[in-house]
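Given next are the chains, with one letter for each unit.
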Amino acid sequence: MAFHLFRSYEATHIPGHKEQTADAPYVTYAPEYVYIPAFDGRGNPLNNTLKVGDAVEKGSLLGTRAPDDFPIYSSVSGTIEAIEPILTAGGRTQKVFCIHNDKKDEWTLAKPLPSWEEATNEQILAAMKSSGVIGMGGAGFPTYRKYNSGKPVDVLIINAIECEPFLTTDYVYGAEMAEYVWKALPYLLKVTGAKRVAFCTKKDKPALLEAYRVNHEKYPDIPVELYATADKYPMGYERNLVTLVTKKEYMNIPIEAQAIVDNIYTFILLGRYFTEGKTPDLRCITVAGEVKEPKNVLTPYGVAADDLIALAGGETIEKGKYINGGPLNGNCLASSHFATLMQSNGVLVMKANAFRAEPCWHCGDCCKQCPMDLQPVQIQMALKRNDLERMKALHAERCCGCGLCSFVCPARIDVSRNVQEAKAKVLMAMKEGK
Ligand code: SF4
Ligand code: SF4
């Protein structure tokens, strides 16, 4: 068994708070309603949508999103009772399908692929698109797009690091479902021509290490190597993983280093679709922070966050703030009544600390901790002056949004938000050719 141990001195250890949910089995929950976006990534309505009153099953096509007719499926069986606006995990209020769940769990199944030896590359790519699977690590882009670039691929990287504090869904549920990863891999190796696979997790995650061991023994012909990392943040950032696995750096996307990176749950969903014809339906979500009974919940995607908080015994504080995802990379929302998304992996209730940021101490801590070797304090000064040339010179566009600069700032400045504002300006300028 090939075994690699990362020694990342670039990343830093931060409190994980994972003990709230890591040691308990997940619970299953069937909500009365799910809320599934009726809009695409740009906020435009879906095409070919079903209507209010239509009956659906799990796997029913609700509509397709532009520009590539990417399918969106129902996660429950029941009836579409309304198509109306609701706050969604992305932070915007947008139209969703409000589907009453009849809890019968009836399926519209797709036809599974033939064996990987028989399936053609065209069939595999078409199945990846029709699966409706998106990147489950957070970004939510259709996964098939990474696989049809036509560029050479050396390695597929499975990201089972889950380094955001509080979140334990990959650890608790991903480990249990890991065999689907090995079921997906022969198809993905065939379609990409990749020669190897890197299974990346942390060395303090015994359930995932065991899942690797069991499946590696069961499927010895699939070339998967284990990469066990230290408990550092942000080890799971894809740029870190690509550099550590390939020893190469890239400018924009991992394919430039002949690598494709996906979250473990993305591979699981593909394995399920290829072999059973099941589209994405369930999501494991960590419900933690200031709630009475933190837990992992396996539930149809599109569940409302306040339903999950109620299931976790409710809030322990009077006025909290709500986070979709983890505290460092997630979206902070003012209300707990928001629709989770397919890629939502956490619903956290956190104390809404009222404090005022002080002027910068010029301590340099944000620069020391930045995993991208940026100078966050300088970038935010350039932003303040609206000095685009300086923001470009400081490479604000390379910020990975890990949030470490805000986390370590003794003056309590939200440095990360400022850097990301600068990043948006630089990216816009690059797009406009400025
Ligand atoms: S949020 Fe961006 S600037 Fe701040 S530490 Fe992370 S990568 Fe660096
Ligand atoms: S960590 Fe905060 S106080 Fe220190 S240099 Fe960076 S922005 Fe200024």
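Residues numbered from 1 in each chain as written. Chains lettered and ligands numbered in written order. Predicted model: local features only at pLDDT ≥ 70, side-chain atom pairs only at ≥ 80, totals over all residues. Heavy atoms only, no water.

Caption draft 1: Fine view of the site of ligand 1. Looking at ligand 1, there are 13 residues lining it, with Cys370, Cys399, Cys402, Gly403 and Cys405 nearest. Breaking the shell around ligand 1 down by element, the ones donating at least two residues are α12 (404-408) and α13 (415-431). Classifying every residue of the shell around ligand 1 gives ten nonpolar, three polar and no charged. (Near = heavy atom within 4 Å. Helix = DSSP H or I, 4+ residues; strand = E, 2+ residues; numbered from the N terminus. Nonpolar A, V, L, I, M, F, W, Y, C, P; charged D, E, K, R; others polar.)

Caption draft 2: View of the pattern of salt bridges. If you walk through the whole model with that rule in mind, you get 17 salt bridges. Note that Asp105 and Lys58 form a salt bridge whose closest N and O atoms lie 3.8 Å from each other. Of this pair, Asp105 sits in the loop between β8 (93-101) and α1 (121-130) while Lys58 sits in the loop between β4 (55-56) and β5 (61-65), and the two are 47 residues apart along the sequence. The exposure class assigned to Asp105 is partly exposed, which follows from its relative accessible area of 46%. The exposure class assigned to Lys58 is buried, which follows from its relative accessible area of 6%. A salt bridge links Asp262 to Lys146; its shortest N-O distance comes to 2.8 Å. Taken as a pair, Asp262 in strand β12 (residues 259-263) and Lys146 in helix α2 (residues 144-147) lie far apart in primary sequence, 116 residues in all. (Salt bridge = Lys/Arg side-chain N within 4 Å of Asp/Glu carboxyl O. Buried < 20%, exposed > 50% of the residue type's maximum accessible area, 1.4 Å probe, protein only.)

Caption draft 3: Just the state of the cysteines, in detail. Evaluation of the coordinates by the stated rule reveals zero disulfides. In this structure Cys200 is not part of a disulfide, and its nearest cysteine sulfur, from Cys163, lies 12 Å away. (Disulfide = S-S within 2.5 Å.)

Caption draft 4: Inspection of the sheet that holds strand β14 (residues 295-300) at higher detail. Sheet architecture is open: six strands sit in the order β2-β14-β13-β17-β15-β16, paired in mixed fashion. The open sheet terminates on both sides in strands that have one partner only, identified here as β2 (27-28) and β16 (331-333). Relative to β14, β2 is paired through two bridges, and the arrangement is parallel. Among the inter-strand pairings, Thr28 is bridged to a residue of β14, identified as Leu298. (Pairing = 2+ DSSP bridges.)

Caption draft 5: Expanded view of the confidence of the model for the protein chain. Residues at a pLDDT of 70 or more form 97% of the protein chain, whose mean pLDDT is 92. Long-range and interchain partners of residues 5-9, a stretch whose pLDDT sits below 50, account for twelve contacts in this model, where long-range means more than four residues apart. (pLDDT = per-residue confidence, 0-100. Contact = heavy atoms within 4.5 Å.)

Caption draft 6: Representation of the sheet that holds strand β3 (residues 33-37). On the basis of which strands lie adjacent, the open sheet formed by four strands has the order β3-β8-β7-β4 and antiparallel pairing. At either end of the open sheet lies a strand with only one pairing partner, and these are β3 and β4. Of the pairings in the sheet, the one linking β3 to β8 comprises five bridges and is antiparallel in character. Bridge pairing links Ile36 to Phe97 in β8.

Caption draft 7: Highlighting the domain arrangement of the protein chain. Here the domain parsing of the protein chain yields domain 1 (3-22 + 110-276), domain 2 (31-102 + 281-351) and domain 3 (365-431). For domain 2 versus domain 3, the distance between C-alpha centres works out to 31 Å. (Domains from an automatic or database assignment.)

Caption draft 8: Geometry of the environment of Tyr187. Turning to its location among the elements, Tyr187 is positioned in helix α4 (residues 179-192). In this structure Tyr187 comes out as buried when scored by relative accessible area, which is 6%. With 71 residues separating them in the primary sequence, Tyr187 and Trp116 have C-alpha atoms 5.2 Å apart. Those residues in contact with Tyr187, other than ones at most four positions away along the chain, are Leu113, Pro114, Ser115, Trp116, Ala119, Ile124 and Phe274. A distance of 2.7 Å separates the side chain of Tyr187 from the backbone oxygen of Pro114, its partner in a polar contact. (Polar contact = N/O pair within 3.5 Å; in protein donor to acceptor, adjacent residues only side chain to side chain.)

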